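Descriptive analysis of the structure
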Amino acid sequence: MTPISPTHDSDRDPAATRDVVLFDMFGVIARHQSADGKERLAAIAGGPAPAFWDAYWGLRQAYDRGDVTGATYWRQVADALGADFDEARIARLIEADLASWSAVDATMVTLLDEMAAAGQPIALLSNIPEELATHYEERHSWLKLFQVRAFSCRIGHAKPEPGAYRWCLDALGVDPGRVLFVDDREDNIRAAEAVGVRGHLFTTPARLREALRISA
């Protein structure tokens, strides 16, 4: 396997001109929330599930961006529901939230290993709150394969905000056209393309391999 579409410019450092594959995490490498995990979260919160999920997602961007702590986020959710979560319930909600986002696609981890072993530069851009970022760092050594790990809670920007992609470009030190962004959400892909980054809408590992021209 060779790096995707490698190009070289004699006037620049070759290492800085190699194309980079920038990965989203949830929905690509890690799984979305499980049905059981979602049911458990809603049950701990209490109240009607539709109202809970409206509050959960409606307030999530600031939590992902690191503007608020987990405890503050869950108090905001409680306020939106007209409820009062004590510290014990907040702790249970944080634990259940982490568990609901913890499943990883082993097939994708294998692909990351292959790409890194072949010298393909890879990076990560994930909307993720601090508690979940720490949870993953403590459990998954494959995170070290990425030359840049852009966690929204630590860079102050969350997709699809343009600043999230620009932060990655600055950290990577490459031109936008040399980055392929892989995400399972069309709005995130469109936002990346708006700053000049190429996009691949993720559906399956097999189709991603085809797009990258990597044999299984």
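Residues numbered from 1 in each chain as written. Predicted model: local features only at pLDDT ≥ 70, side-chain atom pairs only at ≥ 80, totals over all residues. Heavy atoms only, no water.

1. Overview of the overall build of the protein
Helix and strand content of the protein: 11 helices and five strands. Overall, the protein is about 60 × 30 × 30 Å in size when its C-alpha atoms are taken along their principal axes. For the protein, the share of sequence-separated contacts (at least 6 apart) that also reach a separation of at least 24 residues comes to 65%. By element, 50% of the accessible surface of the protein is carried by carbon and sulfur atoms, the whole surface being about 10,200 Å². Here the protein carries 23 positive and 32 negative side-chain charges, and the mean point of each set is 2 Å from the other. (Helix = DSSP H or I, 4+ residues; strand = E, 2+ residues; numbered from the N terminus. Contact = heavy atoms within 4.5 Å. Areas by Shrake-Rupley, 256 points an atom, 1.4 Å probe, with all protein chains shown as cover. Lys, Arg positive; Asp, Glu negative; His and termini not counted. Charge placed at Lys NZ, Arg CZ, Asp CG, Glu CD.)

2. Considerations on helix α6 (residues 106–117)
Helix length check: α6 (12 residues) gives 16 Å between terminal C-alpha atoms against 16 Å at 1.5 Å per residue, within 8%. Turning to α6, its buried residues number three or more, namely Met-108, Val-109, Leu-111, Leu-112 and Met-115. Viewed along the axis of α6, the buried residues span an arc of 160°, placing them on a single side of the element. What points out from α6, more than 90 degrees from its buried face, is the exposed set Ala-106 and Ala-117. Check the buried side of α6 and you find it contacts β1 (20–23), β2 (122–126) and α11 (205–212). One side-chain oxygen of the residue at the start of α6 lies 2.9 Å from the amide nitrogen of Thr-107, identifying that residue as Asp-105. Backbone geometry just downstream of α6 places Gly-119 in the positive-phi region, at approximately 85°. (Expected span 1.5 Å × (residues − 1). Buried < 20%, exposed > 50% of the residue type's maximum accessible area, 1.4 Å probe, protein only. Arc of directions from axis to C-beta. Polar contact = N/O pair within 3.5 Å; in protein donor to acceptor, adjacent residues only side chain to side chain.)

3. Topic: the sheet that holds strand β5 (residues 198–201)
Overall, parallel pairing links the five strands, which are arranged β3-β2-β1-β4-β5 in an open sheet. Each of the sheet's edge strands pairs with one partner strand only, and the pair in question is β3 (148–151) and β5. Strand-to-strand, the axes of this sheet are offset by a mean angle of 20°, without reference to chain direction. Examined bridge by bridge, β2 and β3 share four bridges and lie parallel to one another. Within β3, the position partnered with Ala-123 by the bridge is Val-148. Sitting on the sheet, α6 touches β1 and β2, and the angle it makes with β1 is about 155°. (Pairing = 2+ DSSP bridges. Axes fitted to C-alpha atoms, helices over the stretch in contact; angles between N-to-C directions.)

4. Describing the nonpolar core
Counting 50 residues, the largest nonpolar core has Phe-23, Met-25, Ile-29, Phe-52, Trp-74, Trp-142 and Phe-146 as its most contacted members. Counting residues in hydrophobic clusters, the runner-up holds 20 residues, among them Ala-123, Ala-150, Ala-164 and Val-179. (Core = buried A, V, L, I, M, F, W, Y, C linked by side-chain atoms within 4.5 Å.)

5. A word on the pairing of β2
Counted residue by residue, β2 has five buried out of five residues, so it is predominantly covered. A two-sided burial pattern is seen for β2, the buried positions comprising Ile-122, Leu-124 and Ser-126 on one face and Ala-123 and Leu-125 on the other. Of the strand pairs in this sheet, β1 and β2 are connected by three bridges, and their pairing is parallel. Paired with Leu-22 across the bridge in β2 is Ala-123.

6. Concerning the environment of Ala-62
Turning to its location among the elements, Ala-62 is positioned in helix α3 (residues 60–64). According to the relative accessible area criterion, Ala-62 is partly exposed, its value standing at 22%. Separated by 63 residues in sequence, Ala-62 and Leu-125 have C-alpha atoms that sit 16 Å apart. For Ala-62, the contacting residues outside a window of four places in its chain are Asp-67 and Val-68.

7. Structural notes on unusual backbone geometry
A cis amide bond links Lys-159 to the next residue, Pro-160, at an omega of 5°. Along the polypeptide, Pro-160 turns up in the loop between α8 (152–155) and α9 (162–172).

8. Describing the confidence of the model for the protein
Per-residue confidence for the protein averages 91 on the pLDDT scale, and 91% of its residues sit at or above 70. Note on residues 1–17: pLDDT under 50 across the span, and 27 contacts to partners over four residues away in sequence or across chains. (pLDDT = per-residue confidence, 0-100.)

9. Looking at a negative patch on the surface
Among the surface-exposed residues, Asp-79, Asp-84, Asp-86 and Glu-87 lie close enough to one another that they form a single negatively charged patch. Relative to the elements of secondary structure, Asp-84 occurs in the loop between α4 (70–81) and α5 (87–100). (Patch = residues over 30% accessible without salt bridge, like charges linked within 9 Å, V, L, I, M, F, W, Y side chains within 5 Å. Salt bridge = Lys/Arg side-chain N within 4 Å of Asp/Glu carboxyl O.)

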